[in-house]
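Structural overview
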There are 2 protein chains.
Amino acid sequence: MTVKKVPKATLQRYPLYLKALRRLKKNGVQRIMSKELSSFVDIESTTIRRDFSFLGNLGKQGYGYDVDRLIEIFNAQLGVDFDEKIILVGAGNLGRALMNYNKWDHVVGEIACAFDMDESKAGVQFGVQIYPMTMLEEKIPEGCHIAILTISNNIQETVDRLVACGITGLVDFTHEHFLVPKGVAVKVVDVVSSIQELVFITNSMDSKAKKQ
Amino acid sequence: MTVKKVPKATLQRYPLYLKALRRLKKNGVQRIMSKELSSFVDIESTTIRRDFSFLGNLGKQGYGYDVDRLIEIFNAQLGVDFDEKIILVGAGNLGRALMNYNKWDHVVGEIACAFDMDESKAGVQFGVQIYPMTMLEEKIPEGCHIAILTISNNIQETVDRLVACGITGLVDFTHEHFLVPKGVAVKVVDVVSSIQELVFITNSMDSKAKKQ
DNA sequence: ATCACTTTGTGAAGTTCTTAACAAATTATT
DNA sequence: AATAATTTGTTAAGAACTTCACAAAGTGAT
């Protein structure tokens, strides 16, 4: 079963489904209907069915979906590739919080190692080896192509070096804008942006409420 | 100038624009054309113009946009409401990292106070007052409606309490799925989900490359 | 001032995503 | 075994979003 062209919008919902399914499994749910899942994740049942359909015929008419089977398939599709090496660039407060996160839930590969400008930070923290930034090219794991960026200085320069090392996916925790060449995907994770969006959303909900 | 109905997709790009504009300003750029900005943020110039148009006639034909003016307007629109009180729920590693973040860039209101299950954490950290979770209803600031969630236990229960206290916007750092009533907006911020998306995106880019 | 040039803001076309509606498939019941 | 009741997967309609294309409005040089 090879994956058809999955729409971007669908792609963004997959992690959400997986999270919800894991929760359901924990609650002892073994089978679920699209309609039931719908009220759980607040996405139309028909959207859910279409989203799932890109990965094959996962359900059975008149029965629904097997929770275990779904989890298995999502795990496979979402790259529970534990060989997937991820590096952490920046071992400041946020970086340390990420290293200490024991909740990666065995869903993606763990952080292989970390790098930091501050040479005095070199060593092992929370079980993760930290190298000085100068050793990036030397110590970056073979075949690694995802980096988590939690630095706040020399961002563009660092990104350029990472890209030169073969990084093609960046989880961006910085608060700055930087440029990447085509072919490199960036996923921005930013509290401030999130709050801004929320403020805007809740404001427009408020004004809508007032109009009524 | 009152805001027309802004499409969701546009909304998600506003923080990105603001970030880029701040960067441009720092680089000494005083005026910018949509086409120029386009290559900077990797969004079509016409999309940029339409996005901007929801907030009024911000540009001048034959001239472009004034960077300062844009920043000002985005600041205003994205709720640089410094009275906007934000609470932090959960003062663990991640929570502390957020409290210590000095990079909120004067863009959104600061964290007003924090709450944690662990009563021994009560006190002041990084200049933020931490209260025990039991005092939530008592100590939550007047008119506060945004909360950052970095807890890992009793999530649903805590969310319910927050909603009862008038919270209408949640920045969700937990790795669990929870339910909120209509009218409450949730913005999920999740490294794992981000990595999953990245893995998927970069994988499909790879297979596309192979086909060619 | 006039004219050539540039760039915005926006109708209209095109694309992508969502939802309604229903045939096909399966379960459950009699 | 046949029938009723579900629920999936998908076709087609609708909504949301993006992009094209160009009139309108400005700039800047002569």
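Our structure is the block above this text.
This structure is a prediction, so every number in the text was calculated from the model and none was measured. (Residues numbered from 1 in each chain as written. Chains lettered and ligands numbered in written order. Predicted model: local features only at pLDDT ≥ 70, side-chain atom pairs only at ≥ 80, totals over all residues. Heavy atoms only, no water.)

1. Observations concerning the protein's contact with DNA strand C
Lining the immediate surroundings of DNA strand C are 26 residues, of which A:Arg13, B:Ser34, B:Arg49, B:Arg50 and B:Tyr65 lie closest. Take the atoms of DNA strand C that sit within 4 Å of the protein: sugar and phosphate atoms are 55% of them. Between DNA strand C and A:Arg50, the relevant distance is 3.0 Å, taken from a base oxygen to a side-chain nitrogen or oxygen of the residue. Taken together, the elements giving at least two residues each to the surface near DNA strand C come down to helix 1 (8-26) and helix 3 (45-53) of chain A together with helix 3 (45-53) of chain B. (Near = heavy atom within 4 Å. Polar contact = N/O pair within 3.5 Å; in protein donor to acceptor, adjacent residues only side chain to side chain. Helix = DSSP H or I, 4+ residues; strand = E, 2+ residues; numbered from the N terminus.)

2. Describing the state of the cysteines
Taken as a whole, this structure holds 0 disulfides over all chains when the rule is applied. B:Cys144 provides the cysteine sulfur closest to B:Cys113, a residue in no disulfide bond, and the two sulfurs are 7.3 Å apart. (Disulfide = S-S within 2.5 Å.)

3. Some details on the sheet that holds strand 4 (residues 111-116) of chain A
All names here are of chain A. Across the sheet, 7 strands lie side by side as 5-6-4-3-7-8-9; this open sheet has mixed pairing. At either margin of the open sheet sits one strand with a lone partner, and together these are strand 5 (123-125) and strand 9 (185-188). Recorded for the sheet is a direction-independent mean angle of 25 degrees between the axes of neighbouring strands. Bridge analysis of strand 7 (residues 146-149) against strand 8 (residues 169-172) gives 4 bridges, and the strand direction is parallel. (Pairing = 2+ DSSP bridges. Axes fitted to C-alpha atoms, helices over the stretch in contact; angles between N-to-C directions.)

4. Notes on empty space enclosed by the protein
Residues and elements named next belong to chain A. Within this structure, the stated rule accounts for 2 cavities of 30 Å³ or more. In this model, the second largest cavity occupies a volume close to 30 Å³. Along the walls of the second largest cavity sit Met117, Met133, Ile151, Asn153, Asn154 and Thr158, which together make up its complete lining. Looking at side-chain class alone, the lining of the second largest cavity contains 3 nonpolar, 3 polar and no charged residues. (1 Å grid on protein atoms, 1.4 Å probe; cavity = no way out; pocket = protein on both sides within 12 Å on 5 of 7 lines; lining within 4 Å. Points joined across faces, edges and corners; volume = space filled by probe spheres on them. Nonpolar A, V, L, I, M, F, W, Y, C, P; charged D, E, K, R; others polar.)

5. Observations regarding the sheet that holds strand 8 (residues 169-172) of chain B
Neighbouring strands of a sheet are bound in pairs by backbone hydrogen bonds; such pairs are parallel or else antiparallel. Residue and element names in this part refer to chain B. Judged by pairing direction, the sheet is mixed, and its 7 strands sit side by side in the order 5-6-4-3-7-8-9 without closing on themselves. Of all the strands in the sheet, just strand 5 (123-125) and strand 9 (185-188) have a single pairing partner and so form its edges. The mean inter-strand angle of the sheet, taken between neighbouring strand axes irrespective of direction, is 25 degrees. Bridge count between strand 8 and strand 9: 4 bridges; the pairing is parallel. Paired with Val171 across the strands is Lys187, a residue of strand 9. Strands strand 3 (86-89), strand 7 (146-149) and strand 8 of the sheet are contacted by helix 7 (residues 155-164), whose axis makes an angle of about 170 degrees with strand 7. (Contact = heavy atoms within 4.5 Å.)

6. Re the relation of the copies chain A and chain B
For the pair chain A and chain B, the superposition axis carries a translation of 0.0 Å, the fit reaches an RMSD of 0.1 Å, and the rotation angle comes to 180 degrees. On the angle and the small slide along the axis, the relation comes out as a two-fold axis. The fraction of interface residues of chain A whose copies in chain B are also interface residues reaches 100%, indicating that both copies meet through the same surface. (Least-squares fit on C-alpha atoms with pLDDT ≥ 70 in both.)

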